[in-house]
Amino acid sequence: MASVFTRIIEGALPGRFVWRDDDVVAFLTIAPITPGHTLVVPVAEIDHWIDLPAELLSRVAEVAQIVGRAIDRAFSPTKVGMMIAGLEVPHTHLHVLPIHTEADLSFAKARPDTPAEELDAAQAAIRAALEELGYEPA
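As a starting point, this report considers the structure included with it. (Residues numbered from 1 in each chain as written. Predicted model: local features only at pLDDT ≥ 70, side-chain atom pairs only at ≥ 80, totals over all residues. Heavy atoms only, no water.)

Another point: the packing of helix α2 (residues 54-75) against helix α3 (residues 116-132). Look at α2 against α3: their axes get within 8 Å of each other, and the N-to-C directions meet at 110 degrees. Our classification of the angle between α2 and α3 gives roughly perpendicular. Seen along the crossing, α2 lies across α3 with a hand that is right-handed. Of the residues in α3, those touching α2 at Ile66, Ala70, Ile71, Arg73, Ala74 and Phe75 are Ala122, Ala125, Ile126, Ala129, Leu130 and Glu132. For the contact of α2 with α3, a count of residues per class yields 10 nonpolar, no polar and 2 charged. (Axes fitted to C-alpha atoms, helices over the stretch in contact; angles between N-to-C directions. Helix = DSSP H or I, 4+ residues; strand = E, 2+ residues; numbered from the N terminus. Parallel < 35°, antiparallel > 145°, perpendicular 65-115°, else oblique. Left-handed = near helix turned anticlockwise from the far one by under 90°. Contact = heavy atoms within 4.5 Å. Nonpolar A, V, L, I, M, F, W, Y, C, P; charged D, E, K, R; others polar.)

Counting through the fold element by element, Glu10 comes out in the loop between α1 (4-9) and β1 (17-20). The exposed category is assigned to Glu10, whose relative accessible area is 61%. (Buried < 20%, exposed > 50% of the residue type's maximum accessible area, 1.4 Å probe, protein only.)

Attention now moves to unusual backbone geometry. Phi at Ser76 is positive, roughly 50 degrees, even though this residue is not glycine. Its location among the elements puts Ser76 in the loop between α2 and β4 (79-83).

What follows is the structure in structure tokens.
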């Protein structure tokens with residue numbers, strides 16, 4: 001059975017995309033820890049990041065860095081954090097999010113009740129920042 005991320009990538013479920021190419025996508029999580037919390041996901045459904053082919057892992061990291069720069073521009077955080085957990089969905093994904101303290105990297109702070117308007121605003125801000133940086137967002 002396809003992962004929930006594969007279903008989002010294929011359009012069977014909605015997603016707020018900020019990046020899409022043949023190998024990697026990035027979309028906002030529906031339960032952000034901080035506004036702008038984005039998931040960078042390989043299109044290939046591979047559960048564990050250590051199983052990604054080296055060139056795909058490199059591409060995922062490259063897109064995470066690009067999206068991270070856009071998040072930095074859009075939200076002006078102290079830092080842009082990135083983490084790989086992978087326990088909740090069996091499909092590799094990097095969490096890229098604006099942070100001000102290490103506590104901002106805690107999933108206990110995830111907000112599954114985030115209003116759609118806040119998610120839409122974060123998507124628009126990241127997409128605008130990507131354009132400003134010279135990229136064509138999804």
